[in-house]
Amino acid sequence: MASSEGLTLHCLILALFIAFSKVHASDPPLTLDYYKSNCPTVLDIIRKEMECAVLSNPRNAALILRLHFHDCFVQGCDGSVLLDDTITLQGEKKAPNNVNALKGFRIIDKIKNVLESECPGIVSCADILTVAARDAVLLVGGPYWDVPLGRKDSKTAGYALTETNLPTADEGLLSIIPKFIHQGLSVADMVALSGAHTIGKARCVNFRKRIYGDFVATAGLNPLSQHYLSNLKSVCPPIKGSDNNESAMDYFSPNLFDNSYYQILLRGEGLINSDQELYSSVFAVETRKLVAKYAENLFAFFEQFSESMVKLGNITNPETYVNGEVRRNCRFVNT
Ligand code: HEM
Ligand SMILES: *[C@@H]1O[C@H](CO)[C@@H](O)[C@H](O)[C@H]1NC(C)=O
Ligand SMILES: *[C@@H]1O[C@H](CO)[C@@H](O)[C@H](O)[C@H]1NC(C)=O
């Protein structure tokens, strides 16, 4: 009796421990030289493929960076976002927060193909995506950082978690911050990582409310921002058919990874609501200071962004320690 209660209590404590250590990448640590002996060319191969992809279209850098973010915020960086729907598996791609908004899967397929012929069965899709995101940033002018490796791919996807974990454009600061804290990231990480919006585009459906709403209140009535606003309104008229029309989030240098995103926020001209909130929300006390700092100091932004990207990539899925794999095809669990 007593010993079985003791055991139950012990299990409970263990379960609680596992539950609370979920987001911290302790268990088998990631390492910089993980593939050194069994796939020494992995970084060169990914770099070369990303060079081709970004050279052919700089937008591809943004697509891959966002894919990595959406992978890591849903059951950790485990390649779950890459899984296609099958009869037995509901992927994340068709979830409301992802559908029509994630692209770049074929770039990952291409890299995986090359790696499967070079070192079959060795490099996980989750690691490929993490390294590809780093290279994407670097190739459009952003900072370099070393990427810890050794992630395993999941055998499951997290459709429901896309709804609870992923931040959306119309959300305010007070609901976005907890989503980062939940992943073990800080407010400073959130502000720096949002700087990813210095590249890439948003669809009208994600900024319509903003441009017909408080844009004028944050940007003021100066001729330049009025001109910008009227352009945005012509790309994004208040009719349903224009939902997928796109506009750059950093209109100043849309294909360059720099700090002009933050300078745009200082002028109150952020395209999506969640971005402008970082500077203009009444709760933006700490975040406003960081926005101003990064707008002024490119180096400070690059340093924090690099560190925060490693933290983002460190979010693990503990399930993959016991039940993960190296997928042969990033779209499907191995059979
Ligand atoms: C802070 C919370 C965030 C919110 C609310 C948010 C929201 C969005 C939205 C609404 C879009 C436009 C998508 C579309 O219209 O199809 C977008 C695009 C993008 N996001 Fe975020 N995001 C956030 C954080 C991040 C982070 C942390 C990263 C990466 C580190 C990131 C990388 C990107 C990139 C690169 C794009 C452009 C994708 C493209 O060109 O297609 N975002 N984001
Ligand atoms: C990321 O994880 C690696 C190993 O798992 C660790 O050495 C490193 O300190 C972590 N970095 C950050 C910024 O959390
Ligand atoms: C999409 O934007 C273009 C301008 O870039 C505009 O001419 C067109 O009318 C828009 N499409 C819709 C359906 O609103």
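Residues numbered from 1 in each chain as written. Chains lettered and ligands numbered in written order. Predicted model: local features only at pLDDT ≥ 70, side-chain atom pairs only at ≥ 80, totals over all residues. Heavy atoms only, no water.

1. Examining the coordination of the iron atom of ligand 1
Each angle at a metal carrying four tetrahedral donors should ideally be 109.5 degrees, and each at a metal carrying six octahedral donors should ideally be 90 or 180 degrees. Of the protein atoms, His 197 (NE2) alone serves as a donor to the iron atom of ligand 1, at 2.0 Å. Among the structural elements, His 197 can be located in the loop between helix 8 (187–194) and strand 1 (201–203). (Donors = N, O, S within 2.8 Å, 3.2 Å for Na, K, Ca; no water. Helix = DSSP H or I, 4+ residues; strand = E, 2+ residues; numbered from the N terminus.)

2. Thoughts on the side chain of Asp 243
Mapped onto the elements of the fold, Asp 243 is located in the loop between helix 11 (223–235) and strand 2 (246–248). Since its relative accessible area comes to 15%, Asp 243 is described here as buried. At 2.8 Å, the side chain of Asp 243 forms a polar contact with the side chain of Arg 208. What Asp 243 contacts, discounting residues up to four positions off in sequence, is Arg 203, Cys 204, Val 205 and Arg 208. (Buried < 20%, exposed > 50% of the residue type's maximum accessible area, 1.4 Å probe, protein only. Polar contact = N/O pair within 3.5 Å; in protein donor to acceptor, adjacent residues only side chain to side chain. Contact = heavy atoms within 4.5 Å.)

3. Observations regarding the site of ligand 2
Around ligand 2 sit Pro 29, Leu 30, Val 310, Lys 311 and Asn 314, and those are all the residues in its vicinity. Between an oxygen atom of ligand 2 and a main-chain N or O atom of Leu 30, the distance comes to 3.1 Å. When isolated, ligand 2 has an accessible area of 360 Å², and the protein chains bury 56% of it. Of the residues belonging to the shell around ligand 2, the class tally is three nonpolar, one polar and one charged. (Near = heavy atom within 4 Å. Areas by Shrake-Rupley, 256 points an atom, 1.4 Å probe, with all protein chains shown as cover. Nonpolar A, V, L, I, M, F, W, Y, C, P; charged D, E, K, R; others polar.)

4. Observations concerning the UniProt feature "domain: Plant heme peroxidase family profile" (unreviewed entry) in the protein
Mapped onto this numbering, the UniProt entry gives "domain: Plant heme peroxidase family profile" (unreviewed entry) at residues 29–334. Measuring from the first to the last C-alpha atom of residues 29–334 gives 24 Å, for a span that is 50% helix and 2% strand. (UniProt positions renumbered as here; feature names shortened; annotations may be inferred.)

5. Some details on the pattern of salt bridges
Taken as a whole and assessed by the stated rule, the structure comprises 17 salt bridges. Note that Lys 110 is salt-bridged to Glu 49, the shortest N-O span being 2.9 Å. On the criterion of sequence distance, the pair formed by Lys 110 in helix 4 (residues 105–118) and Glu 49 in helix 2 (residues 42–56) is long-range, its members being 61 residues apart. In this structure, the salt-bridge partner of Glu 116 is Lys 112, at a minimum N-O distance of 3.0 Å. With Glu 116 and Lys 112 both in helix 4 and four residues apart, the pair spans about one turn of that helix. (Salt bridge = Lys/Arg side-chain N within 4 Å of Asp/Glu carboxyl O.)

6. Describing the UniProt feature "binding site: substrate" (unreviewed entry) in the protein
UniProt records the feature "binding site: substrate" (unreviewed entry) for Pro 167 in the present numbering. Considering the arrangement of structural elements, one finds Pro 167 in the loop between helix 6 (159–165) and helix 7 (173–181). Setting aside chain neighbours within four positions, we find Pro 167 in contact with Phe 69, Phe 73, Ile 176, Lys 179 and Phe 180.

7. Considerations on unusual backbone geometry
The phi dihedral of Gln 75 is positive, around 55°, even though this residue is not glycine. Mapped onto the fold, Gln 75 is located in the loop between helix 3 (59–72) and helix 4.

8. Details of the domain arrangement of the protein
When its domains are assigned, the protein resolves into domain 1 (26–167 + 315–323) and domain 2 (195–308). In this structure, domain 1 and domain 2 have C-alpha centres spaced 26 Å apart. Domain 1 puts 16 residues into the contact, and the matching count from domain 2 is 13 residues. Both sides together, the interface formed by domain 1 and domain 2 hides about 1100 Å², and carbon and sulfur atoms give 64% of it. Considering only the side of domain 1, the residues that lose the most area to domain 2 are Arg 59, Val 140 and Pro 143, jointly responsible for 40% of the buried surface there. For Glu 246, the salt bridge is made with Arg 59, and the minimal N-O distance between the two is 2.9 Å. Summed over the shared surface of domain 1 and domain 2, the result is four residue pairs in polar contact (both at pLDDT 80 or more). (Domains from an automatic or database assignment. Buried area = accessible area lost by both parts, 1.4 Å probe.)

9. A look at the packing of aromatic side chains
Counted by the stated rule, this structure contains 16 aromatic pairs. Both rings, one in Phe 257 and one in Phe 305, keep their centres 4.9 Å apart while their planes meet at 55°; by these two values the pair is tilted. Here Phe 257, found in the loop between strand 2 and helix 12 (260–266), pairs with Phe 305, found in helix 15 (residues 298–313); they are 48 residues apart in sequence, far enough to count as distant. A residue is classified by how much of its surface remains accessible, and Phe 257, at 1% relative accessible area, is buried. Owing to a relative accessible area of 0%, Phe 305 belongs among the buried residues under this scheme. (Phe/Tyr/Trp six-rings, centres within 6.5 Å; stacked < 30°, edge-to-face > 60°.)

10. Looking at the site of ligand 3
Within the structure, ligand 3 sits among Ser 234, Val 235, Pro 237, Gly 241, Ser 242 and Asn 245. Side-chain polar atom of Asn 245 to an oxygen atom of ligand 3: 2.2 Å apart, as the coordinates give it. Burial of ligand 3 by the surrounding chains reaches 47%, relative to a free accessible area of 360 Å². In terms of residue class, the shell around ligand 3 is built from two nonpolar, four polar and no charged.

11. Examining the packing of helix 8 against helix 15
Contact pair helix 8 / helix 15: the axes reach a minimum separation of 8 Å and the direction vectors enclose 110°. As judged from the angle between their axes, helix 8 and helix 15 are roughly perpendicular. Between helix 8 and helix 15, the contacting residues are Ala 188, Asp 189, Ala 192 and Leu 193 on the first element and Phe 301, Gln 304, Phe 305, Ser 308, Met 309, Lys 311 and Leu 312 on the second. (Axes fitted to C-alpha atoms, helices over the stretch in contact; angles between N-to-C directions. Parallel < 35°, antiparallel > 145°, perpendicular 65-115°, else oblique.)

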